[in-house]
Amino acid sequence: MRIDPHVHFRDSEQSYKETIKHGLFVAKNQNVEIVFDMPNTQRPILEEEDVVERLKLVPKNEEKRYFLYVGLTSNEEQIKRAISLTKKYKEVIGLKMFAGQSTGNLAIINEEEQFKIFKILSENNYTGVIVVHCEKESFMKNDIFNPNNPFSHTISRPKIAEVESIKDQINFAKNSNFQGILHICHISCQDSIDLVCDARKEINITCGVTPHHLMWSESMLNNSHGLLYKMNPPLREEIEVKKIRESLKMGKIDWIETDHAPHSIGEKMFDGHPSGYPSLYLYKKCVDEFLPDLGLSGEQIKKLTFENIVKTFNLKLNIIDLSEKEKVAKEKICLPLDGLNTLEEVEERVKELSDVVGYFKIGKESFTLFGLEIIRVVKENNGKVFLDLKYHDIPNTVKRASYAATKLGVEIFNVHASGGSEMMKSALEGAKEACLEFNMKMPIILGVTVLTSVDQNIMNEELNTSGEIEEQVLNLAKLVQKSGLDGIVCSAKDLFFIKNSLEDNFLFVTPGIKGVDNSVGYDQKRISSPSDAISNGSDILVIGRAITGYKTKEERVNAAVEIVKNISSVI
């Protein structure tokens, strides 16, 4: 898992630049799971109503990925309210101060006011993180900047402006007895890094570096598109970039932060020339290619992209960090949603386990209770649906039901194989019609053979069906395959007997799976462990009480993780 603790997403009045939804999409594509958003929007994030409105813009299925900072002004009451927001909202990750003018209008230029902020934070026992953009106005020469000469931007905001501002913030933190953590954003020169390292002896202080300050030098401004590379603080000379790289290798910098700041090309080149670069687009290349090429180890990169951030912000994450193999294993788990009494409970269950479960099974109980709303809830919270209604009726009725299920966007649904080949073919026809009409992906359609609650005695004595249960399962499985469906629902115990008699691309979905600690539902007669079921040829495991039987969220998540690891050991 990777975290970008410094992005400037837009939205609302600036949605033409970027929306939060799009920013999270970009982050995902760059292998960034979590982002911390800064408040330099057109309407800055200063008060509770700003936080509430900002969080409303986050897609429901992405809520676990989004945190934000509250901006600080020099107003004492606003600072106190900002502190309270860090305690009230788990999404508020820290506070942000702009100790110099940049994008937005939150600059606090006066040093006395900057010191006042640290005193107020200290007096109110704030022990969290204050993130500071450090550039001292008195050392800037903004009148020098000429858009016809983009390189002039580097001269207008020299290194000394950053260095002197960092000196100020360190002294303010010391002299106010600040007990929180001071973080210096987007550090751009070696003198700044040296100041931070020296200050670590006396205060809690961290610093971050951006991909653009690591990968590029000021020479990027010396071309016809130089204005695109105008950012605060500016790119530095090559020798400074090399020093930063060495400091990174030596562990003097705490993390990678993109300072992602999207503007339109028209604005950058022709209209106002705002500072900022959408550096989130550089993240994957920087972390996966550039850092290893510099000689950083996998352990160093993990600290720079995850561990140091989690430790500094004391993050309690709901997102599980799975290996690539474990992510494949996750997609083989299907969790039933029966036994829940409200849609709120359903939503909580999906949220807590969507990181370790591939599918959520909506059966007769939950669908009867909640109807179509339960499908919406699962979908909105990033879950995939196995609609387990086991259609079993005359062919035309099953065809229309299949059409409706497909239209709802479910990933899997099933029918009873004992309904016969005509009924199963009708189910296939209904799904295909819906896919053509609504331009949708074809769902997986399964045939149910013999319920896992039925054992040999029940089949022979109660159902008066002769023969071995495995023979009945095989006969029905062949009928399902002949009818053109994708696979069957059967016991994992049946796989050894039937699998070799069916085509290689045929899917096997198996209930009756016990947990790693051997817990299992009492009503399952034919059961198997997760790894044994996969080894025997199962493709998707329906696992219920081995996960949901635990009382707490942590226990349920841990049980699911153990099952994921158990599956990954054999794939």
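Analysis parameters
Residues numbered from 1 in each chain as written. Predicted model: local features only at pLDDT ≥ 70, side-chain atom pairs only at ≥ 80, totals over all residues. Heavy atoms only, no water. Pairing = 2+ DSSP bridges. Helix = DSSP H or I, 4+ residues; strand = E, 2+ residues; numbered from the N terminus. Axes fitted to C-alpha atoms, helices over the stretch in contact; angles between N-to-C directions. Contact = heavy atoms within 4.5 Å. Core = buried A, V, L, I, M, F, W, Y, C linked by side-chain atoms within 4.5 Å. Buried < 20%, exposed > 50% of the residue type's maximum accessible area, 1.4 Å probe, protein only. Salt bridge = Lys/Arg side-chain N within 4 Å of Asp/Glu carboxyl O. Phe/Tyr/Trp six-rings, centres within 6.5 Å; stacked < 30°, edge-to-face > 60°. Arc of directions from axis to C-beta. Parallel < 35°, antiparallel > 145°, perpendicular 65-115°, else oblique. Left-handed = near helix turned anticlockwise from the far one by under 90°. Nonpolar A, V, L, I, M, F, W, Y, C, P; charged D, E, K, R; others polar.

1. Observations concerning the sheet that holds strand β10 (residues 359-362)
Argument step 1. Spatially, 8 strands are ordered β9-β10-β11-β12-β13-β14-β15-β16 in a closed barrel, and the strand pairing comes out parallel. Direction aside, neighbouring strands of the sheet carry axes that sit 25 degrees apart on average.
Argument step 2. Two elements, strand β11 (residues 384-391) and strand β12 (residues 412-416), share 3 bridges in a ladder whose sense is parallel. Bridged to Tyr 391 within β12 is Val 415.
Argument step 3. The sheet strands contacting helix α16 (residues 372-380) are β10 and β11, and the helix crosses β11 at an angle near 155 degrees.
Argument step 4. Across the sheet, helix α17 (residues 395-407) lies against β11 and β12, angled at about 170 degrees from β11, the strand it touches most.

2. Comments concerning the nonpolar core
Argument step 1. Within the largest apolar cluster, 75 residues are counted, with the highest numbers of intra-cluster contacts made by Ile 130, Leu 182, Leu 214 and Leu 291.
Argument step 2. Tallying contributions element by element places helix α11 (residues 283-294) first for this core, with 6 residues.
Argument step 3. With sequence-adjacent residues up to four places away left out, Leu 182 is seen in contact with Phe 118, Ile 130, Val 132, Gln 169, Ile 170, Ala 173, Ile 203, Asn 204, Ile 205 and Thr 206.
Argument step 4. Formed by 67 residues, the second largest nonpolar core is a distinct cluster that contains Val 357, Ala 431, Leu 502 and Ile 547.

3. Observations regarding the pattern of salt bridges
Argument step 1. Going through the model one piece at a time under the given rule, you end up with 44 salt bridges.
Argument step 2. Between Lys 17 and Glu 267 there is a salt bridge, and its shortest N-O distance comes to 3.5 Å. Taken together, the positions of Lys 17 in the loop between β1 (3-7) and α1 (20-29) and Glu 267 in helix α10 (residues 265-270) put the pair 250 residues apart, joining distant regions of the chain.
Argument step 3. Judged by relative accessible area, Glu 267 falls into the buried class, the value being 13%.
Argument step 4. Note that Glu 246 and Lys 249 form a salt bridge whose closest N and O atoms lie 3.6 Å from each other. You can see Glu 246 and its partner Lys 249 sitting in helix α9 (residues 238-249), 3 residues apart, about one turn around the helix.

4. Description of the pairing of strand β6 (residues 181-184)
Argument step 1. Burial along β6 is two-sided: the face carrying Ile 181 and His 183 and the face carrying Leu 182 and Ile 184 are both buried.
Argument step 2. Bridge count for strand β5 (residues 129-134) against β6 is 4 bridges, and the pairing is parallel. Looking across to β6, one finds that Val 131 is bridged to His 183.
Argument step 3. The pairing of β6 with strand β7 (residues 205-209) spans 3 bridges and is parallel. Looking at β7, one finds that His 183 is bridged to Thr 206.

5. Structural notes on the packing of aromatic side chains
Argument step 1. What the rule picks out here adds up to 15 aromatic pairs.
Argument step 2. Measuring from ring centre to ring centre gives 6.3 Å for Phe 118 and Phe 172, while their planes differ by 50 degrees; the resulting arrangement is tilted. With a gap of 54 residues between them, Phe 118 in helix α4 (residues 111-123) and Phe 172 in helix α6 (residues 159-175) connect regions that are remote in the sequence.
Argument step 3. On the basis of relative accessible area, Phe 118 is assigned to the buried category, the value being 0%.
Argument step 4. On the numbers, 5.6 Å between centres and 85 degrees between planes, the contact of Phe 506 with Phe 508 is edge-to-face.
Argument step 5. Here Phe 508 falls in the buried class, since its relative accessible area comes to 0%.
Argument step 6. Chaining the aromatic ring pairs together yields one cluster made of Phe 36, Phe 67, Tyr 69, Trp 255 and Phe 313.

6. Thoughts on the side chain of Ser 165
Argument step 1. Relative to the assigned elements, Ser 165 resides in helix α6.
Argument step 2. For Ser 165, a relative accessible area of 2% puts it in the buried group.
Argument step 3. Excluding its chain neighbours within four sequence positions, the residues that come into contact with Ser 165 are Ala 99, Cys 134, Glu 135 and Lys 136.

7. Description of unusual backbone geometry
Argument step 1. Here Asn 232 and Pro 233 are connected by a cis peptide whose omega angle stands at -5 degrees.
Argument step 2. Here Pro 233 shows up in the loop between α8 (211-215) and α9.
Argument step 3. Unlike most non-glycine residues, Asn 314 shows phi in positive territory, near 50 degrees.
Argument step 4. Along the chain, the position of Asn 314 falls in the loop between α12 (298-313) and α13 (324-330).
Argument step 5. Phi is positive for Asn 464, close to 55 degrees, though the residue is something other than glycine.
Argument step 6. Secondary-structure assignment places Asn 464 in the loop between α19 (456-462) and α20 (469-482).
Argument step 7. For Asn 464, a relative accessible area of 66% puts it in the exposed group.

8. Regarding helix α2 (residues 48-56)
Argument step 1. All of the buried residues in α2 are Asp 50, Val 51, Arg 54 and Leu 55. Down the axis, α2 shows its buried residues gathered within 125 degrees of arc, on one side only. Every exposed residue of α2 that faces more than 90 degrees away from the buried side is listed here: Glu 49 and Lys 56.
Argument step 2. Buried residues in α2 make contact with α1, β2 (34-37), β3 (66-71), α3 (76-88) and β4 (92-99).

9. Here we look at the sheet that holds strand β8 (residues 255-256)
Argument step 1. Strand order across the open sheet formed by 8 strands is β1-β2-β3-β4-β5-β6-β7-β8, with parallel pairing between neighbours. The open sheet is flanked by β1 and β8, the only strands paired with a single partner.
Argument step 2. Relative to β5, β4 runs parallel, the two sharing 5 bridges. Across the sheet, Lys 96 pairs through a bridge with Val 131, a residue of β5.

10. Examining the pairing of β5
Argument step 1. Along β5, 6 of the 6 residues are buried, which leaves the element largely enclosed by surrounding structure.
Argument step 2. Neither face of β5 is open: one carries Val 129, Val 131 and His 133, the other Ile 130, Val 132 and Cys 134, and all of them are buried.

11. Some details on the packing of α6 against helix α7 (residues 190-199)
Argument step 1. At a closest axis distance of 9 Å, the pairing of α6 and α7 adopts a crossing angle of 15 degrees. Taken together, the axes of α6 and α7 are roughly parallel relative to one another. Of the two possible hands of crossing, α6 and α7 adopt the one that is right-handed. Contact with α6, carried on its side by Glu 162, Val 163, Ile 166, Lys 167 and Ile 170, involves Asp 191, Ser 192, Leu 195 and Ala 199 of α7 and no other residues of that element.
Argument step 2. Of the residues that constitute the contact of α6 with α7, the class distribution is 5 nonpolar, 1 polar and 3 charged.

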